[in-house]
Amino acid sequence: MHIAEGFLPPAHAVAWGVASAPFVVHGVRSLTREVREHPESTLLLGASGAFTFVLSALKLPSVTGSCSHPTGTGLGAILFRPPIMAVLGTITLLFQALLLAHGGLTTLGANVFSMAIVGPWAGYAVYKLLRRFNAPLMVAVFFAAFVADLSTYCVTSVQLALAFPDPGSGFLGALGKFGSIFAITQIPLAVSEGLLTVLVMRLLVQSSKGELTRLGVLVATKQARTGTETETEAVAR
């Protein structure tokens, strides 16, 4: 990931585009509602998109027709939920295809499905699960970013294996080859992305407590004796 321009057979490219479209349309509606109801969130939305753009533009050669890189989608999924990240991720991938020759227009649907849809949903699910079991916020953030990154590459491996099955062992053989090659570079990148996302979240906790409280990452609790309010980490929404 990103899968290069023209690398997928036309039928596969179209199929992945069709599969991605409903998620992006739903995400546009969620993003529109968020901006309309909470215009103050625009700055943080832009920062989440920029974080995804910068991280996913850092690519390392991995396997023919693709590359390894961080994704940056875990942060936005935690802050604004996966539907909005589907839009931010699609915008990121579109601009990278047009301006950086990173990915492509014919493979946009496949890249959106792996990085902007599956990645954010997988990371968010892990985040919610860990917080439900009272894991510290930063632990949940780390694993959300880690899983969002790795799940993207698992889906990319599936996409490539479906398009190019091994002549002898078929889909499973190709999946094993693509997955093992990606793992060499992607596991260290996923760990690095998790640590970087934790650092960014720590900065946001210090600088944007009010916004994080509104988004449900932090909640305000009243002290029983003093009646004062403090910002504290709690189970996210």
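Residues numbered from 1 in each chain as written. Predicted model: local features only at pLDDT ≥ 70, side-chain atom pairs only at ≥ 80, totals over all residues. Heavy atoms only, no water.

### Concerning helix α5 (residues 108–132)
- Spanning 25 residues, α5 covers 34 Å between terminal C-alpha atoms, matching the ideal 36 Å at 1.5 Å per step.
- Maximum bend of α5: about 35°, positioned at Val118, with proline Pro120 one to four residues after it.
- Just past α5, the residue Asn134 takes up positive phi, approximately 65°. (Helix = DSSP H or I, 4+ residues; strand = E, 2+ residues; numbered from the N terminus. Expected span 1.5 Å × (residues − 1). Bend = angle between axes of the 7 residues up to and from the residue.)

### Quick look at the nonpolar core
- Leu79, Tyr127, Leu137, Met201, Leu212 and Val217 are the most contacted members of the largest nonpolar core, which has 31 residues in total.
- Looking at this core, the elements that each hand over two or more residues are α2 (42–56), α3 (73–80), α4 (82–99), α5, α6 (137–163), α7 (170–207) and α8 (209–215).
- Once residues within four sequence positions are removed from consideration, Met201 is found in contact with Leu75, Ile78, Leu79, Met138, Val141, Leu212 and Val217.
- Core analysis: the next-biggest nonpolar cluster, separate from the first, contains 21 residues, Leu93, Leu108, Ile117 and Phe178 among them. (Core = buried A, V, L, I, M, F, W, Y, C linked by side-chain atoms within 4.5 Å. Buried < 20%, exposed > 50% of the residue type's maximum accessible area, 1.4 Å probe, protein only. Contact = heavy atoms within 4.5 Å.)

### A word on a nonpolar patch on the surface
- Residues Ile91, Leu94, Phe95, Leu98, Leu99, Leu100 and Leu105 make up a contiguous nonpolar surface patch of roughly 660 Å² in combined accessible area.
- Note that Leu100 resides in the loop between α4 and α5.
- Taking the relative accessible area as the measure of exposure, Leu100 reaches 41% and is therefore partly exposed. (Patch = residues over 30% accessible without salt bridge, like charges linked within 9 Å, V, L, I, M, F, W, Y side chains within 5 Å. Areas by Shrake-Rupley, 256 points an atom, 1.4 Å probe, with all protein chains shown as cover. Salt bridge = Lys/Arg side-chain N within 4 Å of Asp/Glu carboxyl O.)

### Re the confidence of the model for the protein chain
- Per-chain confidence: the protein chain averages 88 in pLDDT, with 89% of residues scoring 70 or above.
- Under a pLDDT of 50 for its full length, residues 223–237 has, in the predicted model, 39 contacts with residues more than four places off or in other chains. (pLDDT = per-residue confidence, 0-100.)

### Some remarks on the pattern of salt bridges
- Inspection of every chain in the model, using the stated rule, returns four salt bridges.
- The shortest N-O distance in the salt bridge between Lys177 and Asp166 comes to 2.4 Å. Highlighted residues: Lys177 in helix α7 and Asp166 in the loop between α6 and α7, separated in sequence by eleven residues.
- On the basis of relative accessible area, Lys177 is assigned to the partly exposed category, the value being 48%.
- Linked through salt bridges whose partners overlap, the residues forming this network are Glu34, Glu40, Glu211 and Arg214.

### Comments concerning the packing of α4 against α5
- Across the interface, α4 lies against α5 with an axial gap of 9 Å and an inter-helix angle of 145°. Between α4 and α5 lies a crossing of right-handed hand. Every residue of α5 that contacts α4 at Pro82, Pro83, Met85, Ala86, Gly89, Thr90, Thr92, Leu93 and Leu94 is listed here: Leu108, Asn111, Val112, Met115, Ala116, Ile117, Pro120, Trp121 and Tyr124.
- A per-class count over the contact of α4 with α5 returns 14 nonpolar, four polar and no charged. (Axes fitted to C-alpha atoms, helices over the stretch in contact; angles between N-to-C directions. Left-handed = near helix turned anticlockwise from the far one by under 90°. Nonpolar A, V, L, I, M, F, W, Y, C, P; charged D, E, K, R; others polar.)

### Section: the side chain of Glu211
- The topology assignment puts Glu211 in helix α8.
- Side chain to side chain, Glu211 and Arg214 meet in a polar contact 2.7 Å long.
- Excluding its chain neighbours within four sequence positions, the residues that come into contact with Glu211 are Glu40, Ser41 and Leu44. (Polar contact = N/O pair within 3.5 Å; in protein donor to acceptor, adjacent residues only side chain to side chain.)

### Observations concerning the environment of His26
- One can find His26 in helix α1 (residues 10–37).
- Owing to a relative accessible area of 43%, His26 belongs among the partly exposed residues under this scheme.
- Expressed as a C-alpha distance, the spacing of His26 and Ala86, which sit 60 residues apart in the sequence, is 8.7 Å.

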